[in-house]
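# Structure assessment
Listed below are the residues making up each chain.
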Amino acid sequence: MAGGIAAMLALSGAAFARAPAEAPALTPDQAALKAHVMFLAADALRGREAGTPDYMIAAEYVASRFFAAGLKPAGDDGTYLQRVPLVRFRAAAQGDLVLTRKGAAPLPLVFGRDFVPGAIAGKAQFALDAPVVFVGQGIVAPKYKRNDYAGVDVRGKIVAYIARTPVTLPSEERAHFAAPATRAAIAGDRGAVGVIAIEPGSITEAGWDRPQMSWAKADGTDGMTATPILAVISGSGATKLFVGARTSWEKIAPRVDDPEASFKAEQLPGMMTVALKTQSEQLVSANVAGLLPGTDPALGREVVVLSAHLDGLGVGPPVNGDAIYNGAEDNAVGIAALIEAARRFRTSDMPTRRSILFLAVTAEEEGLIGSDYFATHPPLPSARIVADVNFDMPVLSYAFTDMTVFGADRSTLGPIVSQAVAALGVTTSPDPNPEQGFFVRSDHYRFVQQGIPSVFLWPGQAGPGKAAFETFLKERYHLPSDDLTQPIDWAQGLRFVAANTAITRAIADAPERPRWNKGDFFGLLYGGPGAK
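To keep things clear, this report deals only with the structure shown in the data block. (Residues numbered from 1 in each chain as written. Predicted model: local features only at pLDDT ≥ 70, side-chain atom pairs only at ≥ 80, totals over all residues. Heavy atoms only, no water.)

### A few points about the environment of Ala35
- Within the fold, Ala35 resides in helix α2 (residues 28–40).
- Sequence separation of Ala35 and Ala124 is 89 residues, and the distance between their C-alpha atoms is 45 Å. (Helix = DSSP H or I, 4+ residues; strand = E, 2+ residues; numbered from the N terminus.)

### Re empty space enclosed by the protein
- For the structure on display, the rule yields 1 cavity of 30 Å³ or more.
- Looking at the largest cavity, its volume works out to about 60 Å³.
- Lining the largest cavity, in full, are Gly312, Leu313, Tyr325, Gly327, Asp330, Glu365, His478, Leu479 and Asp482. (1 Å grid on protein atoms, 1.4 Å probe; cavity = no way out; pocket = protein on both sides within 12 Å on 5 of 7 lines; lining within 4 Å. Points joined across faces, edges and corners; volume = space filled by probe spheres on them.)

### A short note on the environment of Ser355
- In this fold, Ser355 is placed in strand β19 (residues 355–361).
- Residues in contact with Ser355, not counting those within four places in the same chain, are Leu291, Leu292, Pro293, Gly294, Leu299, Gly300, Glu302, Val303 and Val304.
- Within polar-contact distance, the side chain of Ser355 engages the backbone nitrogen of Gly294 at 2.8 Å. (Contact = heavy atoms within 4.5 Å. Polar contact = N/O pair within 3.5 Å; in protein donor to acceptor, adjacent residues only side chain to side chain.)

### Re the packing of aromatic side chains
- Across all of its chains, the model carries 22 aromatic pairs by this definition.
- Aromatic side chains Phe111 and Trp208 sit 5.1 Å apart centroid to centroid with 75° between the ring planes, which places their arrangement in the edge-to-face category. Separated by 97 residues along the polypeptide, Phe111 in the loop between β4 (107–108) and β5 (115–117) and Trp208 in the loop between β11 (194–198) and β12 (212–215) bring together distant segments of the chain.
- Note on Phe111: relative accessible area 16%, which makes it buried. (Phe/Tyr/Trp six-rings, centres within 6.5 Å; stacked < 30°, edge-to-face > 60°. Buried < 20%, exposed > 50% of the residue type's maximum accessible area, 1.4 Å probe, protein only.)

### As for the packing of α2 against helix α3 (residues 53–68)
- Relative orientation of the contacting elements α2 and α3 amounts to 155°, with a least axis distance of 10 Å. The angle between α2 and α3 falls in the class roughly antiparallel. Between α2 and α3 lies a crossing of right-handed hand. Contacts from Ala35, His36, Phe39 and Leu40 of α2 reach α3 at Ile57, Ala58, Tyr61 and Arg65.
- When its residues are assigned to classes, the contact of α2 with α3 shows 6 nonpolar, 1 polar and 1 charged. (Axes fitted to C-alpha atoms, helices over the stretch in contact; angles between N-to-C directions. Parallel < 35°, antiparallel > 145°, perpendicular 65-115°, else oblique. Left-handed = near helix turned anticlockwise from the far one by under 90°. Nonpolar A, V, L, I, M, F, W, Y, C, P; charged D, E, K, R; others polar.)

### Observations concerning the packing of helix α10 (residues 413–422) against helix α13 (residues 490–509)
- Where α10 meets α13, the axes come as close as 9 Å, and the angle between the chain directions of the two elements is 130°. Comparing the axis directions of α10 and α13 gives the class oblique. With respect to the hand of their crossing, α10 and α13 are arranged in right-handed fashion. Facing Leu413, Ile416, Val417, Ala420 and Val421 of α10, the residues of α13 in contact are Ala499, Ala502, Ile503, Ala506 and Ile507.
- When grouped by side-chain class, the residues that make up the contact of α10 with α13 number 10 nonpolar, no polar and no charged.

### Concerning the pairing of strand β13 (residues 229–233)
- Sheet analysis places β5 next to β13, joined by 3 bridges and oriented antiparallel. Note that in β13 the partner of Pro117 across the bridge is Ala231.
- In this structure, β11 lies alongside β13, joined through 4 bridges in parallel fashion. Considered in β13, the bridge of Ile198 is made with Ile233. (Pairing = 2+ DSSP bridges.)

### Details of the pattern of salt bridges
- Taken as a whole, this structure holds 19 salt bridges when the rule is applied.
- Between Arg353 and Asp296 there is a salt bridge, with the nearest N and O atoms lying 3.2 Å from each other. Separated by 57 residues along the polypeptide, Arg353 in the loop between α8 (328–347) and β19 and Asp296 in the loop between β15 (271–292) and β16 (303–309) bring together distant segments of the chain.
- The class of Arg353 is partly exposed, set by a relative accessible area of 30%.
- Taking the shortest distance from any N to any O, the salt bridge between Arg354 and Glu302 comes out at 2.7 Å. With Arg354 in the loop between α8 and β19 and Glu302 in the loop between β15 and β16, this pair connects stretches of sequence that are 52 residues apart. One exposure class covers both Arg354 and Glu302, and it is buried. (Salt bridge = Lys/Arg side-chain N within 4 Å of Asp/Glu carboxyl O.)

### Brief notes about the sheet that holds β5
- If you walk across this open sheet you meet the 6 strands as β5-β13-β11-β10-β7-β14, and the pairing is mixed. In this open sheet, the two edge strands, each paired with only one partner strand, are β5 and β14 (266–267).
- Across 5 bridges, strand β10 (residues 158–162) lies against β11 in parallel orientation. When the sheet's bridge partners are listed, Tyr161 is paired in β11 with Ala197.

### A short note on unusual backbone geometry
- Here the amide bond leading from Asp330 into Asn331 is cis, since omega sits at 15°, within 30 degrees of zero.
- Positionally, Asn331 belongs in helix α8.
- Look at Arg46: it is not a glycine, yet its phi comes out positive at around 50°.
- The residue Arg46 is located in the loop between α2 and α3 in this model.
- The residue Asp77 is not glycine, and still its phi comes out positive at about 55°.
- Examined against the element boundaries, Asp77 turns out to sit in the loop between β1 (72–73) and β2 (81–91).
- Residue classification places Asp77 among the exposed positions, given a relative accessible area of 78%.

Set out below in structure tokens:
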């Protein structure tokens, strides 16, 4: 045995001698940040897809880190985990859409040419027979003097809208209205029983039965979309739909991409019969929540939320032989920053006046689902939540000199953010990619929808930032290559943590809670404080 051990040591020494020189040693804080990402983005966790055991391992890891940081459990039943019921669903058949008009034979729409069906979570069989009302682009925005529902009553009816969004709207408002769920909510608020989106050109069958996800009500139905999205119909389907209408589709179609066009709402002739089949699967996931109580007798009841999404895309189509979508930058780094921020606040000799709730959410990649569940089922009265600061996909491959802050200019958070990051030698910059609508694409937006002022920060695109960000989007975003083989500057990770903790501290210690700027679109839309 002794001789064998000696031989192995000799071989090991030779191997070490041939190994390349190691990178410079990390500081303890940098190493702690990297250690979280090493675990969360490891192949063994298979991409942390919401609703899987792999995700729950990640959630338990975050809960253990919250415990180590001294946070109080803020989940269910004295734990750090908030159970999130999920439903995954897909169209199980091609469905039927049939138009009937007095004195005419039934007119069916043809699957794949005229329409592709929707899916109704928790409803294996769904049937509806109702009139159809055309409402232009289906937008209601009083701030911009826009009401596409003017002159019609849609109660008990199906709404059909053109799936276009006016380029004349500001980018963030435009992104808000572009979401099918937004148009469905507008229709539902006016009593509609279903919606149909019109794609003016042709449609494709590809992906017609792709799976979707939502959080589930107790009966297994969709908790996020109350008004069912019945189908997408093509130009040929719209031609059939408008037979006998005051305005034919042939007159409408040439104007659908005209930014100045407006369309008069009208009820279309006859009835539409809809029959859909849906396959649904119940899943369970969890948000992870830990609370650091504030010290002020009055302000301590108010809460600043720090959020980041824990889930990733799981296992998917292989790229260069790799099928695990590790999600290192998107968003293991954000979770690592959240954990380290919690540790910093807990060990600081300057506790905050307001409380801070640290929140890792599930199913962001499926449509901001975990954050929506938390925002609509908070473990404390929602009126006590004064702001959300969100960590999502900070690209940390370069030394950033500015930060892009989404949402700050909409509320009194703007000056707070600018002053906090300026103290760290960092400036703030406007959104360099407004056409992307990033403001509505991450978890802070679910707090905005509850009227809560919120911000979302990225390392900015000054200097080398633009090229680094574009490289990440092209080569790693939502790909298996978003793993630890990419260059990550852990010193920049600590700067990102420092910037966000400075902002959070400023919010938590301010004498007044954040308020929306007067007249802000989102503040008015969701009844936020200060907007009126």
